[in-house]
Amino acid sequence: RLASIAQEQRYKIEVRLSAGSRLRSKTITASCRHLRRAIAMLPRIPSLIFITLGSSRSFAPKPQHTPNKRTSRTSPGDIIGRPSLLVAAVHADFDDGTISNSGDSLLDEVDLADVPVTEEIPVPNSRNNVGNRFFALVYDRTHSDKWADGDAEALWDLHEERTSLTEDHVMWARKQNLYNETFNTESMADILWSHQLLSSDTLRAIGHAMCIDSPTVDLCREAMSRDPIIRSLLGTDSAGDCDVSSIPLYRWRQIRDHTLRIDDGRDGTPTMMIAFDRSEAAADGLRDDVFEDHLEYLIRSERVVATGALHVATEKKTDKKSIPVGELMIFNAVGRDDAIDFVENDPSALAGLYETMTVHGFNSLDVTGKFVSENLYFKRETYQMKEALEYWGYPTEDHQTKWLNW
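Keep in mind that what you see is a predicted model, and the values were worked out from it rather than measured.

## Considerations on the overall build of the chain
Moving on, step 1. When its secondary structure is counted, the chain shows eleven helices and twelve strands.
Moving on, step 2. Of all 406 residues assigned to the chain, the portion counted as buried reaches 39%.
Moving on, step 3. Considering only contacts within the chain whose residues lie at least 6 apart along the sequence, 70% involve residues at least 24 apart.
Moving on, step 4. Summed over its atoms, the accessible surface of the chain is roughly 23,600 Å², and 49% of this surface lies on carbon and sulfur atoms.

Set out below in structure tokens:
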């Protein structure tokens, strides 16, 4: 019966079978034609069957090519725009060799002719994913007037102040990353990651390092000027603007090889090394001479999470003035002594490339946005989530994440 309806309405049918206990279950998807074969593959008789009708691409017309446009929207009348529909979820009873609906159906059968056609607009991609990665380094001691007198108690005051603003910093970064047609449409910088730097005894937070993806240096600094922690350190003028020109900013050219993308925390604790070259290094070509040995050392270590040279932050990557001036590396280390031993035995360090080398433990802050996947089968409204979104200033009426914005 479902197959005949699907054929008439140009829908495809998928039957999802679930069997087993909560901890040990197996779910497979099959068409009605191979339903019996799918049942035979399960560990036991299926306890729940989901029958889903969705638009069939075999019947859908091919989208027309539209030059100079990212996407072409489908008109409401096109078949490809029809939403998937959960028709029934029935409990299976195979005692008499048939499948019967025991009355515990999650959804009743729906007449497909009465289903309204809606056009789904995808969340647009960020405009800032252009490969311009900038590295900002913020040390509280350097940018705060509280440390001017050299009072040791001021360090703890800076720590307490930073800790109190960490939540605001995280929410600023998350909102900066949330870009769509109804909220934050002018965002021109994405905060890829933000790490809270720790003192050598790991008792205090002493600063933070950020990786920012932005088309230009000015747009990157404009986003930094709204960081609550930076505004607290540098202060604002009478107009409420914050001058961030004193914050060191570099262009980070990360080496994208998969061998230098080990999972953080796999063997030890994630650690950050920030090194700056000697002033003569660019002239004598030492960086180029030791690069291959340096790269082989990192690959063989199997502990590097991310690494790459720090360059002068010019407007364009191709600018000849964007010369390398240092190195940023995130790697796993068992402890501080292990981290120091690892970076000091780097061929670049042994050759005398670096003038200064600093190793930091850090706390990785979750600066991701709000988008989550929709539960297609069990739709539950969590009003606490909506209240939290409203509290933090997120949109609660945008159509692109309507399952959070009922």
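## Describing the pairing of strand β7 (residues 205-213)
Moving on, step 1. Counting buried residues along β7, nine of its nine residues qualify, which places the element largely inside the surrounding structure.
Moving on, step 2. Two strands pair when backbone bridges link them, and strand β5 (residues 133-139) and β7 are joined in this way by seven bridges, in the antiparallel orientation. Across the sheet, residue A136 finds its bridge partner in β7, namely M210.
Moving on, step 3. Examined bridge by bridge, strand β6 (residues 190-198) and β7 share eight bridges and lie antiparallel to one another. Bridge pairing in β7 links Q196 to H208.
Moving on, step 4. Turn length for the β6-β7 hairpin, with the two strands adjacent in sequence and antiparallel, is six residues, and the turn residue T202 shows positive phi of about 60 degrees.

## Some remarks on unusual backbone geometry
Moving on, step 1. Positive phi outside glycine occurs at T202, with the angle close to 60 degrees.
Moving on, step 2. Assignment of secondary structure puts T202 in the loop between β6 and β7.
Moving on, step 3. Backbone geometry at E302 places phi at a positive 55 degrees, although glycine is not the residue there.
Moving on, step 4. On the accessibility criterion, E302 (56% relative accessible area) is exposed.

## Considerations on the sheet that holds strand β8 (residues 249-254)
Moving on, step 1. Sheet architecture is closed into a barrel: eight strands sit in the order β5-β7-β6-β12-β9-β11-β10-β8, paired in antiparallel fashion. The average undirected angle you get between the axes of adjacent strands in this sheet is 35 degrees.
Moving on, step 2. The pairing of β8 with strand β10 (residues 304-312) spans five bridges and is classified as antiparallel. Within β10, the residue paired with W252 across the bridge is L310.
Moving on, step 3. The strands touched by helix α5 (residues 217-224) are β5, β7 and β8; relative to β8, the strand with the most contacts, the crossing angle is about 115 degrees.
Moving on, step 4. Against the sheet, helix α9 (residues 336-344) contacts β9 (269-277), β10, β11 (324-333) and β12 (354-365), and its axis sits at roughly 140 degrees relative to β11.

## Section: the confidence of the model for the chain
Moving on, step 1. The predicted model of the chain averages 75 in pLDDT, with 59% of residues at 70 or higher.
Moving on, step 2. Low pLDDT, under 50, characterises residues 18-33; the stretch is placed with 39 contacts to residues that sit more than four places away or in other chains.
Moving on, step 3. Note that pLDDT drops below 50 for residues 55-109; the model gives that stretch 85 contacts with residues more than four away or on any other chain.

## Remarks on empty space enclosed by the protein
Moving on, step 1. Per the stated rule, a full pass over the model turns up one cavity of 30 Å³ or more.
Moving on, step 2. There is about 50 Å³ of room inside the largest cavity.
Moving on, step 3. D140, L158, E161, R162, L165, I229, S232 and L233 together form the lining of the largest cavity.
Moving on, step 4. When residues of the lining of the largest cavity are traced back to their parent elements, those giving at least two are α4 (152-177) and α6 (228-234).

## Examining the pattern of salt bridges
Moving on, step 1. One pass over the full model with this rule turns up ten salt bridges.
Moving on, step 2. Where R287 meets D277, a salt bridge forms, and the shortest distance between an N and an O atom there is 3.0 Å. Placement of the pair is R287 in helix α8 (residues 286-301) and D277 in strand β9, with a sequence separation of ten residues. Note on accessibility: R287 and D277 belong to one class, buried.
Moving on, step 3. Each of the salt bridges in this network shares a partner with another, and the network as a whole consists of D277, R287 and E327.

## Quick word on a negative patch on the surface
Moving on, step 1. Judged by side-chain charge, D151, E153, D157 and E160 come together as a negatively charged surface patch.
Moving on, step 2. Tracing the chain through its elements places E153 in helix α4.
Moving on, step 3. For E153, a relative accessible area of 52% puts it in the exposed group.

Definitions and cut-offs
Residues numbered from 1 in each chain as written. Predicted model: local features only at pLDDT ≥ 70, side-chain atom pairs only at ≥ 80, totals over all residues. Heavy atoms only, no water. Helix = DSSP H or I, 4+ residues; strand = E, 2+ residues; numbered from the N terminus. Buried < 20%, exposed > 50% of the residue type's maximum accessible area, 1.4 Å probe, protein only. Contact = heavy atoms within 4.5 Å. Areas by Shrake-Rupley, 256 points an atom, 1.4 Å probe, with all protein chains shown as cover. Pairing = 2+ DSSP bridges. Axes fitted to C-alpha atoms, helices over the stretch in contact; angles between N-to-C directions. pLDDT = per-residue confidence, 0-100. 1 Å grid on protein atoms, 1.4 Å probe; cavity = no way out; pocket = protein on both sides within 12 Å on 5 of 7 lines; lining within 4 Å. Points joined across faces, edges and corners; volume = space filled by probe spheres on them. Salt bridge = Lys/Arg side-chain N within 4 Å of Asp/Glu carboxyl O. Patch = residues over 30% accessible without salt bridge, like charges linked within 9 Å, V, L, I, M, F, W, Y side chains within 5 Å. Lys, Arg positive; Asp, Glu negative; His and termini not counted. Charge placed at Lys NZ, Arg CZ, Asp CG, Glu CD.

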